[in-house]
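Chains, contacts and geometry: an overview
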Amino acid sequence: MRIGQGFDTHPLVLGRKLILGGVEIIHPKGLLGHSDADVLLHAVADSIYGALGIGDIGEHFPAGQESTKDIDSMLILKHAAEMMHQKHFVVGNLDITVICESPRISTYKEKIISNLAHCLRAEPHQISVKGKTTEKLGFTGREEGIAVLAVILIKEKHG
């Protein structure tokens, strides 16, 4: 078994779509980044890369390159999942904490879990998504950005 931790944060800005876990969320602001800025999928991908000991998103999908501009972050997660499966690992469990004042994550978590389970070839009960606020403290509390922490346990696939 191996454990990986991922973290990412992106600023919230006007004029961008808000996408979390592959779900487009109705919100006055969206996340700014070189890709679609899906901070949740970035943290999960980094947790997988970390568990496998193969670097991070920046090494696999360098920012600033035209080929990765506005890339759908689900493609990033699919890449991480494929690397995991090629190395004969499967998800044991995945625990995600989304840190923001709004939107309320509970409204979207079933769809996010479904997207993750499908992409990672896991069962929904192996994945937890929680929303937490910082009680108006810091950049997430001022609604300037969203941060996500992800911890994954992967285990060798037998058979």
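You'll find the structure just up there.
Since the model is a prediction, treat every value here as computed from it, not as a measurement. (Residues numbered from 1 in each chain as written. Predicted model: local features only at pLDDT ≥ 70, side-chain atom pairs only at ≥ 80, totals over all residues. Heavy atoms only, no water.)

Let us look at the overall build of the chain. A count of helical and extended segments in the chain gives 5 helices and 7 strands. Secondary structure elements in the chain, listed N-terminal to C-terminal, are β-β-β-β-α-α-α-β-α-β-α-β. Reported as C-alpha extents along the three principal axes, the dimensions of the chain are approximately 50 × 35 × 25 Å. Counting every position in the chain, which comprises 159 residues, the buried fraction comes to 50%. A sequence separation of at least 24 residues applies to 72% of the contacts in the chain between residues at least 6 apart. Surface summary for the chain: the accessible area is close to 8100 Å², and the carbon and sulfur share equals 53%. Once the 17 positive and 19 negative side-chain charges of the chain are each reduced to a mean point, those two points are 4 Å apart. (Helix = DSSP H or I, 4+ residues; strand = E, 2+ residues; numbered from the N terminus. Buried < 20%, exposed > 50% of the residue type's maximum accessible area, 1.4 Å probe, protein only. Contact = heavy atoms within 4.5 Å. Areas by Shrake-Rupley, 256 points an atom, 1.4 Å probe, with all protein chains shown as cover. Lys, Arg positive; Asp, Glu negative; His and termini not counted. Charge placed at Lys NZ, Arg CZ, Asp CG, Glu CD.)

Looking at the secondary structure, you find Ser47 in helix H1 (residues 39-52). Given the relative accessible area of 0%, Ser47 is considered buried. Excluding its chain neighbours within four sequence positions, the residues that come into contact with Ser47 are Gly4, Gln5, Gly6, Leu94, Ala150 and Ile152.

The next thing to look at is the pattern of salt bridges. The final tally for this structure, using the stated rule, is 6 salt bridges. In this structure, Arg16 and Asp70 form a salt bridge, with 3.9 Å as the shortest nitrogen-oxygen distance. Note that Arg16 is positioned in the loop between strand S1 (2-13) and strand S2 (18-20) and Asp70 in the loop between helix H2 (57-60) and helix H3 (73-86), a separation of 54 residues in sequence. The class of Arg16 is partly exposed, set by a relative accessible area of 23%. Put simply, Glu24 and Lys17 hold a salt bridge, and the shortest N to O gap is 3.8 Å. Glu24 sits in the partly exposed class, given a relative accessible area of 47%. What emerges from the salt-bridge pattern is a single network uniting Arg16, Lys69 and Asp70. (Salt bridge = Lys/Arg side-chain N within 4 Å of Asp/Glu carboxyl O.)

We now examine the packing of H1 against H3. In the contact formed by H1 and H3, the axes pass within 9 Å of each other and the chain directions differ by 20°. Taken as axis vectors, H1 and H3 run roughly parallel relative to one another. In terms of crossing hand, the pair formed by H1 and H3 is left-handed. Of H3, the residues touching H1 (which contributes Leu41, His42, Val44, Ala45, Ile48, Tyr49 and Leu52) are Ser73, Met74, Ile76, Leu77, His79, Ala80, Met83 and Met84. When grouped by side-chain class, the residues that make up the contact of H1 with H3 number 12 nonpolar, 3 polar and no charged. (Axes fitted to C-alpha atoms, helices over the stretch in contact; angles between N-to-C directions. Parallel < 35°, antiparallel > 145°, perpendicular 65-115°, else oblique. Left-handed = near helix turned anticlockwise from the far one by under 90°. Nonpolar A, V, L, I, M, F, W, Y, C, P; charged D, E, K, R; others polar.)

So, on to unusual backbone geometry. Here the bond from Ser102 into Pro103 is cis, since omega is 5°, no more than 30 degrees from zero. We note that Asp70 has phi near 60°; this positive angle belongs to a residue other than glycine. Here the phi dihedral of Glu135 falls at roughly 55°; this positive angle occurs in a residue that is not glycine. Mapped onto the elements, Glu135 comes out in the loop between strand S6 (127-132) and helix H5 (138-141).

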